[in-house]
Amino acid sequence: GAGVSQSPSNKVTEKGKDVELRCDPISGHTALYWYRQSLGQGLEFLIYFQGNSAPDKSGLPSDRFSAERTGGSVSTLTIQRTQQEDSAVYLCASSSGLAANEQFFGPGTRLTVL
Amino acid sequence: GNSVTQMEGPVTLSEEAFLTINCTYTATGYPSLFWYVQYPGEGLQLLLKATKADDKGSNKGFEATYRKETTSFHLEKGSVQVSDSAVYFCAQKGGSSNTGKLIFGQGTTLQVKP
């Protein structure tokens, strides 16, 4: 596709369940970022991939959060044992690799933990 | 650490009014500065940017000037339209970090009434 896509667009889950969020970056983009947008915390960085490696995981809020990227393309953000405070919109962005380059954002996945 | 602070909203203006949304930053090094916009139901998109002191970013009638002496990047528009109603985020990137991750302000909701 032409832009960054994310799935699902909405996810409702029960507290304690695991969830997986998917991001398909723009083809050829080597850099991929995950951010979280929540009412209390605003828009915050979670993790950065360059290719399949994650040199910056400093924004992951706890060890319940993990992410991987395969084939230098698709990325999956996994949240284990979800808590209500995990409810947020999870945004993915990609760029063509250099830190200075523009990041293009996907539409986000709205996660609601009941 | 690095941070971005922007004025709280919501900001409500009449059409053709002058807009200012204040943004200040703290950073080590010399970051690039950005304004992103999120229209209702749409993803985050880059509005304008400035990469060094005294640079002026501009797009769609919006302007912002990188002021190193006041560590500010205020967004301005001379005459707003109803279609400008959106959430605006100020952000920085770079400085002491070379990963390209964005650090965002809390966002300011702008509502323009006809």
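Note that the coordinates shown come from a computational prediction; the quantities given were computed from them, not determined experimentally.

### Structural notes on the state of the cysteines
Residue and element names in this part refer to chain A.
Thought 1: Applying the stated criterion across every chain yields a total of two disulfides over all chains.
Thought 2: Linked covalently through their sulfurs, C23 and C92 form a disulfide whose S-S length is 1.9 Å. Residues C23 and C92 are joined by a disulfide whose S-S torsion is about -65 degrees; by sign, that bridge is left-handed. Linking C23 in strand β3 (residues 19–24) with C92 in strand β9 (residues 88–95), this pair joins segments that are 69 residues apart in sequence. For the residue pair C23 and C92, the accessibility class agrees, reading buried in each case.

### Considerations on the interface of chain A and chain B
Many structure descriptions define interface size as the accessible area lost when the parts assemble.
Thought 1: With 18 residues of chain A at the contact, the number on the chain B side is 15 residues.
Thought 2: For the pairing of chain A and chain B, the buried interface totals around 1400 Å² over both sides, and the portion due to carbon and sulfur atoms is 52%.
Thought 3: At the boundary of chain A and chain B, one finds one salt bridge.
Thought 4: Linking chain A with chain B are five residue pairs in polar contact (both at pLDDT 80 or more).
Thought 5: When residues of the side of chain A that touches chain B are traced back to their parent elements, those giving at least two are β4 (31–38) and β5 (42–50) of chain A.
Thought 6: A class-by-class count of the residues in the side of chain A that touches chain B yields eight nonpolar, eight polar and two charged.

Conventions used here
Here the residue numbering is sequential within each chain, running from 1 through the sequence in written order. The order in which chains are written sets their letters, starting at A; the order in which ligands are written sets their numbers, starting at 1. Given that the model is predicted, a residue must reach a pLDDT of at least 70 before its local features are reported, and side-chain atom pairs must reach 80 or more before they are shown or counted; all residues, however, enter totals for whole chains, interfaces and linings. As a rule here, side-chain values come from all non-hydrogen atoms in the structure, and water together with hydrogens is ignored. Pairs of cysteine sulfur atoms within 2.5 Å are identified as disulfides in what follows. Helix and strand assignments come from DSSP, with helices taken as H or I runs of at least 4 residues and strands as E runs of at least 2, each series counted from the N terminus. Burial classes: relative accessible area under 20% of the type maximum marks a residue as buried, over 50% as exposed, and values in between as partly exposed (1.4 Å probe, protein chains only). Only heavy atoms enter the contact rule, under which two residues are in contact if any of them lie within 4.5 Å. Two parts placed together each lose some accessible area under a 1.4 Å probe, and adding up what both lose gives the buried area. The term salt bridge refers to a side-chain nitrogen of Lys or Arg lying within 4 Å of a carboxyl oxygen of Asp or Glu. Here a polar contact is taken to be a pair of N or O atoms separated by no more than 3.5 Å, where protein atoms must pair a possible hydrogen donor with a possible acceptor and residues adjacent in sequence count only if both atoms sit in side chains. Residue polarity is assigned by list, with Asp, Glu, Lys and Arg as charged and Ala, Val, Leu, Ile, Met, Phe, Trp, Tyr, Cys and Pro as nonpolar; anything else, Gly included, falls into the polar class.

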